[in-house]
Amino acid sequence: RQPKPQNAITVAVSSRALFDLVEEQRIYQEQGLEKYVEYQQNNENVTLKPGPAFYFVKALEHVNAKLLELYPDDEERFDIVLMTNNHAQVGVRLINSINHYGLTIERFCMTGGQSPIGYLTAYLTNLYLSADSEKVQEAIEAGIASATMFTANKDVSYSDTQLRVAFDGDAVIFSDESEQIVKEQGLDRFFEHEQLNENKPLAQGPLKGFLEDLGKIQKKFYAKNERLNCPIRTYLVTARSAASSGARVLKTLRSWGLEIDEALFLAGAPKGPVLVKIRPHIFFDDQMFHVEGAQKLGTIAAHVPYGIAQKYHKSS
């Protein structure tokens, strides 16, 4: 039984994020919509391969199964919605592939070429993942936590028993206030600013709400003495330096009543090698430089198009 949308943590995933549709997208771009639909219908019994969000969705469903063991009547769990601008004629192939993998995705929204953003609001979406950066940008501007999914360049194995979610800090969990100072006034001014404001919490960023949702679910396991077996683990992976700018981050999380399981302050070192050790199902960052570095080493990364880094990314 699906939870009511107002009780669920709704994760909307596009078909190109959930499945590998690279070849189908090429047909659409080169031969047009009619040929694309015809191809999908002719291949509706050919199972689609996993896309970048697939293992994240599988891990969310594992958390749901564990939650239902402890709280059989509780509706506060993850609800996956397939949110796609595909036409309904393509739906059979998507349904067949979802059933092949045993995924529990009952809610579909197929918008037939129209933008799905209005539906995201109607579905009370907590997180939207898509392979289309323009739609993600539109969703962020509408105040919905969103990210563009990128496939890892290497195959790695992911935990089947624990959902692992890694977040960058500035412009992801927090606002881009501090990043603005780095970009416009340099690192020395940034360190000075962070130490002066150590006890002033940072403003929230676009994914603070989703970290909060994960924390709420974790507490349900803790309440049943399952902290050591909790099927969710969260990571902060930030380019900040601990001694010179880490205290403000940790105090901000504390002021919000949020715990993060592991905090890694890299002081400007590359994030890729650390992410290889963590093997997250998803890593959120606002800078394409870090997304690409993570991808190269086999991490599924998601770009959050928010804050001042986007201005610099576009102009470079």
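Here the structure is a predicted model, which is why all the values come from computation and not from measurement.

Cut-off values and rules
- Within each chain, residues carry numbers counting from 1 in the order of the written sequence.
- The predicted origin of the model limits local features to residues at a pLDDT of at least 70 and limits the giving and counting of side-chain atom pairs to 80 or more, whereas totals for whole chains, interfaces and linings rest on all residues.
- Excluded from the side-chain calculation are hydrogens and water; included are all heavy atoms of the structure.
- Here a strand pair is declared whenever DSSP counts at least two bridges between the two strands.
- The secondary structure listing takes helices from DSSP runs of H or I that are at least 4 residues long and strands from runs of E that are at least 2 residues long, numbered from the N terminus.
- With strands facing away from the observer, any crossover in which the path from the first strand over the helix to the second runs clockwise is taken as right-handed.
- Where a domain begins and ends is set by an automatic assignment or by a domain database.
- Contact definition: two residues touch when any of their heavy atoms are within 4.5 Å.
- Joining two parts hides part of their accessible area as seen by a 1.4 Å probe, and the buried area is that hidden amount summed over both.
- Within this document, salt bridges are pairs made up of a side-chain nitrogen of Lys or Arg and a carboxyl oxygen of Asp or Glu, the two lying within 4 Å of each other.
- Space inside and on the surface of the protein is sampled on a 1 Å grid over the protein atoms alone, with a cavity defined as a set of points where a 1.4 Å probe fits but cannot get out and a pocket as an open set with protein on both sides within 12 Å along at least 5 of 7 lines; lining residues have an atom within 4 Å of a point.
- Grid points are joined across faces, edges and corners, and a volume is the space filled by probe spheres set on the points.
- In this classification, Asp, Glu, Lys and Arg are treated as charged, Ala, Val, Leu, Ile, Met, Phe, Trp, Tyr, Cys and Pro as nonpolar, and every other residue, Gly included, as polar.
- Interaxial angle, 0 to 180 degrees, is taken between N-to-C directions of lines fitted to C-alpha atoms, where a helix line uses only the stretch in contact.
- A helix's residues, less one, multiplied by 1.5 Å, set its expected span.
- Only protein chains enter the accessibility calculation, which uses a 1.4 Å probe; a residue is then buried when its area is under 20% of its type maximum, exposed when over 50%, and partly exposed in between.
- Arc, as used here, means the arc of the directions from the helix axis to the C-beta atoms.
- Whether two aromatic rings pair depends on their centres lying within 6.5 Å, for rings of Phe, Tyr and Trp, where Trp uses its six-membered ring; planes under 30 degrees apart make the pair stacked, over 60 edge-to-face, and the rest tilted.

**Considerations on the pairing of strand β8 (residues 262-265)**
Here is step 1: Note that strand β7 (residues 232-238) and β8 share four bridges and pair parallel. Bridge pairing in β8 places Val237 opposite Leu264.
Here is step 2: Handedness of the β7-helix α11 (residues 242-255)-β8 crossover: right-handed.

**Description of the domain arrangement of the chain**
Here is step 1: Each assigned domain of the chain is listed here: domain 1 (9-149) and domain 2 (163-314).
Here is step 2: Placing a centre on the C-alpha atoms of domain 1 and another on those of domain 2 gives a separation of 25 Å.
Here is step 3: Opposite the 28 residues of domain 1 that make contact, domain 2 presents 27 residues.
Here is step 4: Carbon and sulfur atoms make up 75% of the area that domain 1 and domain 2 hide from each other, which totals about 2,300 Å².
Here is step 5: Viewed at the interface, domain 2 and domain 1 are joined by three salt bridges.
Here is step 6: For Lys220, the salt bridge is made with Glu76, and the minimal N-O distance between the two is 3.1 Å.

**Let's talk about the environment of Ser178**
Here is step 1: Residue placement: Ser178 occurs in helix α8 (residues 177-185).
Here is step 2: It is 17 Å that separates the C-alpha atoms of Ser178 and Val304, two residues lying 126 residues apart in sequence.
Here is step 3: Here Ser178 is in contact with Asp170, Phe190, Glu194, Leu202, Arg240 and Arg248, once residues within four sequence places are set aside.

**Digging into empty space enclosed by the protein**
Remark: the empty space left among the atoms is shown by a probe the size of a water molecule rolled over them.
Here is step 1: By the definition in use, this model includes one cavity of 30 Å³ or more.
Here is step 2: In this structure, the largest cavity encloses a volume near 60 Å³.
Here is step 3: Class assignment for the residues of the lining of the largest cavity results in two nonpolar, two polar and two charged.

**Re the sheet that holds strand β1 (residues 9-13)**
Here is step 1: Pairing is mixed across the open sheet formed by ten strands, whose spatial order is β3-β2-β1-β4-β5-β10-β9-β6-β7-β8. Each end of this open sheet is capped by a strand with a single partner; those strands are β3 (107-110) and β8. For this sheet, the mean angle separating the axes of adjacent strands, direction not counted, is 25°.
Here is step 2: Where strand β4 (residues 125-130) meets strand β5 (residues 146-150), three bridges bridge the pair, whose relative direction is parallel. Paired with Leu129 across the bridge in β5 is Ala147.
Here is step 3: Strands in contact with α11 are β7 and β8; relative to β8, the strand with the most contacts, it is inclined by about 145°.

**What to know about the pairing of β3**
Here is step 1: Relative to β3, strand β2 (residues 78-84) is paired through four bridges, and the arrangement is parallel. What sits directly across from Met83, in β3, is Cys109.
Here is step 2: In this fold, β2 hands off to helix α5 (residues 91-100), which returns the chain to β3; that crossover is right-handed.

**Section: α11**
Here is step 1: Between the first and last C-alpha of α11 there are 18 Å, a value that for 14 residues agrees with the 20 Å anticipated at 1.5 Å per step.
Here is step 2: Within the span of α11, buried status applies to Ser244, Ser245, Gly246, Arg248, Val249, Thr252 and Leu253. End-on view of α11: buried residues confined to an arc of 160°, all on one side of the axis. Residues of α11 that are exposed and point more than 90 degrees away from the buried face comprise Ala243 and Arg254.
Here is step 3: Buried residues along α11 sit in contact with α8, α9 (187-196), α10 (208-222), β7 and β8.

**Quick look at the packing of aromatic side chains**
Here is step 1: Tallying each qualifying case throughout the model produces nine aromatic pairs.
Here is step 2: A centroid spacing of 5.4 Å and a plane angle of 25° characterise the contact between Tyr55 and Tyr158, whose relative ring orientation is stacked. In this pair, Tyr55 sits in helix α4 (residues 54-70) while Tyr158 sits in the loop between β5 and β6 (163-167), placing the two residues 103 residues apart along the sequence.
Here is step 3: Tyr55 sits in the partly exposed class, given a relative accessible area of 37%.

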